[in-house]
Amino acid sequence: MRRYVIRRIIVSILILLLVALLIYTILRCIPSSYVENMARERATQPGSKSYAEWLAQLNAVYGLDSGIIEGFFRWLGAALRGDFGDSWYYNVPVAEKFTEVIWYSFVLAALGFILVLLIAVPLGVTAARHQYSWRDNVLTVLALIGISLPAFFFATLLKWLFAVKLQWLPLFGAVGRYYQQLSGWQQFWDLAAHFVLPVATLVIVSVGGLMRFTRVNMLEVLDSDYIRAARAKGLPESRVISRHAFRNTLLPLVTIAGASLPTLFAGALIIETLFQIPGIGWTAYQAMVAGDIPFSMFYLLFIAVLTLLGALLADICYALADPRVRVGGGEG
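A brief report on the enclosed structure follows. (Residues numbered from 1 in each chain as written. Predicted model: local features only at pLDDT ≥ 70, side-chain atom pairs only at ≥ 80, totals over all residues. Heavy atoms only, no water.)

The next subject is the packing of helix 5 (residues 94-129) against helix 11 (residues 280-289). A pair of packed helices can be characterised by two numbers: the angle between their axes and the separation between those axes. It is at 7 Å that the axes of helix 5 and helix 11 come closest, and there the two elements cross at 135°. With respect to helix 11, the element helix 5 is oriented oblique. Residues Lys-97, Phe-98, Val-101, Ile-102 and Ser-105 of helix 5 form the contact with helix 11, whose participating residues are Ile-280, Gly-281 and Thr-283. Class assignment for the residues of the contact of helix 5 with helix 11 results in four nonpolar, three polar and one charged. (Axes fitted to C-alpha atoms, helices over the stretch in contact; angles between N-to-C directions. Helix = DSSP H or I, 4+ residues; strand = E, 2+ residues; numbered from the N terminus. Parallel < 35°, antiparallel > 145°, perpendicular 65-115°, else oblique. Contact = heavy atoms within 4.5 Å. Nonpolar A, V, L, I, M, F, W, Y, C, P; charged D, E, K, R; others polar.)

Below, the structure is given as C-alpha cells:
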C-alpha cells in the first residue's frame, strides 16, 4: 500500500508541475493585462512617458520582461519558498489575500460537500431499492429539477421566501452589520444564519447528480449474481443492502466524491456572487477581470491542487476498499 501511495504522489507532483507551466504560459499570452491597462492610464497623464516606456518599466517591475520558461522557473523558485508575489489588483501579498478570504469558501464548500453526501447517497439507495415505485418517481423528478434549473433560480427563490417574505434569514453577505459588536456565540450564530441560504442553494443544485449516480450504480449491483445468492440464502434485505450491495456501490461513489471536491470550490463563485460572500471564488473573479496575473496564477494552481488531491484521495480510498487496485498498482 505504501508503494502505491508514494507512486501516486510522485505522479501527482509531476502533473502539477506541468499544469503550473501550462497555466503560467496561458496567463503570459493573454492579449490584455493589468500591466497594459496601467501603462495606458499612466501614459495619458500630462507630461508622462509614452505607453511603450511605461509598459517596459512595469514589465520589469512585475517580472514580465523575461521569457516564459525563465519567468516560470523564477516564479516556481519563489513559490517553493512560499512567496507568490503581490496581487496587482488588491495591492497585498497573494498569500495574505488568500488566507483572508479562503475560510468563507472553505465553510461553504465543506458544509455543502457533507450535506450532499448525507442526502444524495441514502436517497439514491432508496430509489434503487424501490425501482419504478412512487418513491423512485418522486426522487427522480426532484433530482432532474435540481440538475436542470440554474443556481440563480434557487437562490432567488430561497431569498424571496426566507429573507423577504418570512424574514427568517439574512438576504446577503457573510456577516451582519453589527457583527463586531456581538459576543462570541452571537457572532457564530450570525455567521451561521448568513450561510444557511448559500449552503442550501449549493446542496440543491449538487445533490441531484450524485443521487442519480448512486441509483444507477446501486441498480447494477442489485442485479448481480452474488446479490441473488445472498437473497437465496435467506439473508434479511437490510443486510443484503448494507453488507453486500452498498459496499460495492461505494467504490464508484468514492471516485465521484473525490472529483467533486474542486468542483465545489470552483462552482462556489456563482453562489458567492449571488449572496455577496467575499470568498476565494469572487475574489479570484475580480482579479482575473483586472488582469491580475499573480493572484490568477495562484487561484488556478489552487484549483489544480484540489483536483489532484481529490483524485489522489479517491485512489487511496479505492485501494483501501478494493485490494486488487493497490496490488495492480504496485506491480505496474
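Continuing now.
Tallied over the full model, the rule gives three salt bridges. Where Arg-74 meets Glu-70, a salt bridge forms, and the shortest distance between an N and an O atom there is 3.3 Å. One end of the pair, Arg-74, and the other, Glu-70, are both in helix 4 (residues 68-80), four residues apart, so they sit about a helical turn from each other. A relative accessible area of 43% means that Arg-74 is categorised as partly exposed. Put simply, Asp-136 and Arg-215 hold a salt bridge, and the shortest N to O gap is 2.8 Å. Taken together, the residues Asp-136 in helix 6 (residues 134-148) and Arg-215 in helix 8 (residues 184-222) connect sequence positions 79 residues apart. Judged on exposure class, the residue Asp-136 and its partner Arg-215 are both buried. (Salt bridge = Lys/Arg side-chain N within 4 Å of Asp/Glu carboxyl O. Buried < 20%, exposed > 50% of the residue type's maximum accessible area, 1.4 Å probe, protein only.)

What follows concerns unusual backbone geometry. Residue Asn-91 is not a glycine yet carries a positive backbone phi of 60°. One non-glycine residue with positive phi stands out, namely Gln-276, at about 55°. In this fold, Gln-276 is placed in the loop between helix 10 (237-274) and helix 11. The exposed category is assigned to Gln-276, whose relative accessible area is 52%.

This paragraph deals with the packing of helix 1 (residues 2-28) against helix 4. The interhelical angle for the contact between helix 1 and helix 4, taken along N-to-C directions, is 125°, at an axis separation of 10 Å. On the basis of their axis angle, the class for helix 1 and helix 4 is oblique. Considering how the two elements wind past one another, helix 1 and helix 4 form a crossing that is right-handed. Side by side, helix 1 and helix 4 meet where Leu-17, Ala-20, Leu-21, Tyr-24, Thr-25 and Arg-28 of the first sit next to Ile-68, Ile-69, Gly-71, Phe-72, Trp-75 and Leu-76 of the second. When the residues that make up the contact of helix 1 with helix 4 are grouped by side-chain class, the tally is nine nonpolar, two polar and one charged. (Left-handed = near helix turned anticlockwise from the far one by under 90°.)

Following the sequence through the fold, Thr-140 ends up in helix 6. Among all residues touching Thr-140, those that are not within four sequence positions of it are Met-211, Arg-212 and Arg-215.

As a further point, take the nonpolar core. Counting residues in each nonpolar core, the largest one holds 36 residues, and the members touching the most others are Met-218 and Leu-222. When residues of this core are traced back to their parent elements, those giving at least two are helix 5, helix 6, helix 7 (151-165), helix 8, helix 9 (225-232) and helix 10. With 12 residues, the single largest contributor to this core is helix 8. Setting aside chain neighbours within four positions, we find Leu-222 in contact with Ala-128, Arg-129, Ile-227, Arg-231, Ile-241 and Ala-245. Met-38, Ala-39, Val-94 and Leu-301 belong to the second largest nonpolar core, which has 33 residues in total. (Core = buried A, V, L, I, M, F, W, Y, C linked by side-chain atoms within 4.5 Å.)

Further remarks concern the side chain of Thr-214. Checked against the element boundaries, Thr-214 lands in helix 8. Setting aside its immediate chain neighbours within four residues, Thr-214 contacts Ala-120, Val-121, Gly-124, Val-125, Thr-249 and Leu-253.

Moving on to the environment of Gln-276. Placed 104 residues apart in sequence, Gln-276 and Phe-172 show a C-alpha to C-alpha distance of 5.9 Å. When near neighbours in sequence (up to four residues on either side) are disregarded, Gln-276 contacts Phe-172, Gly-173 and Ala-174.

A full pass over the atoms with the stated rule returns 15 aromatic pairs. Aromatic side chains Phe-84 and Phe-298 sit 4.7 Å apart centroid to centroid with 80° between the ring planes, which places their arrangement in the edge-to-face category. Of the two residues, Phe-84 is situated in the loop between helix 4 and helix 5 and Phe-298 in helix 12 (residues 293-321); the sequence distance between them amounts to 214 residues. By relative accessible area, which is 11% here, Phe-298 ends up buried. In this structure an aromatic cluster arises from ring pairing among Tyr-24, Phe-72, Phe-73, Trp-75, Phe-84, Phe-98, Phe-298 and Phe-302. A cation sits over an aromatic face here: Lys-49 above Trp-54, 4.4 Å from the ring centre. Above the ring of Tyr-90, the side-chain terminus of Lys-97 is found at 4.5 Å from the ring centroid. (Phe/Tyr/Trp six-rings, centres within 6.5 Å; stacked < 30°, edge-to-face > 60°. Lys NZ or Arg CZ within 6 Å of the ring centre and 35° of its normal.)

When you line up the elements, Val-94 lands in helix 5. You can call Val-94 buried: its relative accessible area is 0%. Taking the C-alpha atoms as reference, Val-94 lies 7.5 Å from Phe-298; in sequence the two are 204 residues apart. Once residues lying within four places of it in the same chain are set aside, the contact partners of Val-94 are Phe-84, Gly-85, Asp-86, Ser-87, Pro-294, Phe-295 and Phe-298.

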